[in-house]
Amino acid sequence: MSDNRAATTVSPAARNVIRSLMQMPTMPYRSAVQMRVVLGIRWMALCSRRGHDPVVELTQRLGSVTAAKAFLDFADLAGRCWPDTVQVMRPCCVQMTADETVFAGMADAAARADRDAFGTVLAGLIRHDRHEALYQAAVAAVASGS
């Protein structure tokens, strides 16, 4: 009978990586821009489930129709580029999904006009040829106040 313990032993470093991947990030320590984008995505999802027009909800929360439209354009483009259905939490949750974390990173990079950081956030998730259009839409959404 062979001993399979060596094949199933997990190093402490691997355990730390696995543990960190299992923890969901939280919103309270995010920037205002990141929180607006994540909450905007959540409100869009909620409106979609309830059959409501997201423009009305987003206009109230973002302060203008222009900001709501720019945000919707950004979210629509991101949704078409995303490899799977975007997963979001309810608006009241403080934890974030992996997809929301990517949106927060995109918002942060766009707000800082850091094209390289934006590409780093999307690396391995979104095809490289789609990064520029997403970056331009994110910059427009962030600049309009979303």
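The notes below deal with the structure included here.

## Looking at the overall build of the protein chain
Scanning the protein chain for helices and strands turns up eight helices and zero strands. Secondary structure of the protein chain in N-to-C order comes out as α-α-α-α-α-α-α-α. Scored against the burial criterion, the 146 residues of the protein chain give a buried share of 37%. Sequence-distant contacts, at least 24 apart, represent 60% of the contacts inside the protein chain between residues at least 6 apart. Accessible surface, the protein chain: about 8700 Å² in total, of which carbon and sulfur atoms supply 57%.

## What about the nonpolar core?
In terms of nonpolar packing, the biggest core is built from 34 residues, with F71, F74, M106, F118 and L134 touching the most fellow members. Where this core is concerned, the elements lending two or more residues are helix 3 (32–50), helix 4 (54–62), helix 5 (65–81), helix 6 (98–111), helix 7 (115–122) and helix 8 (131–143).

## Quick notes on the state of the cysteines
A complete count under the given rule lists zero disulfides for this structure. Unpaired in this structure, C93 has its nearest cysteine sulfur neighbour in C92, at a distance of 4.4 Å.

## Some thoughts on the packing of helix 5 against helix 8
Here helix 5 crosses helix 8 at 155°, and the two axes come no closer than 8 Å. In terms of orientation, helix 5 and helix 8 fall into the roughly antiparallel class. In this structure, the crossing between helix 5 and helix 8 has a hand that is left-handed. Where helix 5 abuts helix 8, its residues A70, F71, F74, L77, A78 and C81 lie against A133, L134, A137, A138, A140 and A141.

## Overview of the packing of aromatic side chains
Within this structure, the stated rule accounts for four aromatic pairs. With centroids separated by 6.4 Å and ring planes inclined at 70°, the aromatic side chains of F71 and F74 adopt a geometry described as edge-to-face. In this pair, F71 and F74 are both assigned in helix 5, three residues apart and thus about one turn of the helix distant. On the basis of relative accessibility, which here comes to 1%, the residue F74 falls in the buried class. Between F74 and F103 the ring centres are 5.8 Å apart and the planes differ by 80°, which places this aromatic pair in the edge-to-face class.

## Re the packing of helix 6 against helix 8
With their axes 9 Å apart at the nearest point, helix 6 and helix 8 run at an angle of 75° to one another. Judged by the inter-axis angle, helix 6 sits roughly perpendicular to helix 8. The residues of helix 8 that touch helix 6, namely those facing M106, A107, A110 and A111, are L134, Y135, A138, V139 and V142. Here the residues of the contact of helix 6 with helix 8 sort into nine nonpolar, no polar and no charged.

Definitions and limits used
Residues numbered from 1 in each chain as written. Predicted model: local features only at pLDDT ≥ 70, side-chain atom pairs only at ≥ 80, totals over all residues. Heavy atoms only, no water. Helix = DSSP H or I, 4+ residues; strand = E, 2+ residues; numbered from the N terminus. Buried < 20%, exposed > 50% of the residue type's maximum accessible area, 1.4 Å probe, protein only. Contact = heavy atoms within 4.5 Å. Areas by Shrake-Rupley, 256 points an atom, 1.4 Å probe, with all protein chains shown as cover. Core = buried A, V, L, I, M, F, W, Y, C linked by side-chain atoms within 4.5 Å. Disulfide = S-S within 2.5 Å. Axes fitted to C-alpha atoms, helices over the stretch in contact; angles between N-to-C directions. Parallel < 35°, antiparallel > 145°, perpendicular 65-115°, else oblique. Left-handed = near helix turned anticlockwise from the far one by under 90°. Phe/Tyr/Trp six-rings, centres within 6.5 Å; stacked < 30°, edge-to-face > 60°. Nonpolar A, V, L, I, M, F, W, Y, C, P; charged D, E, K, R; others polar.

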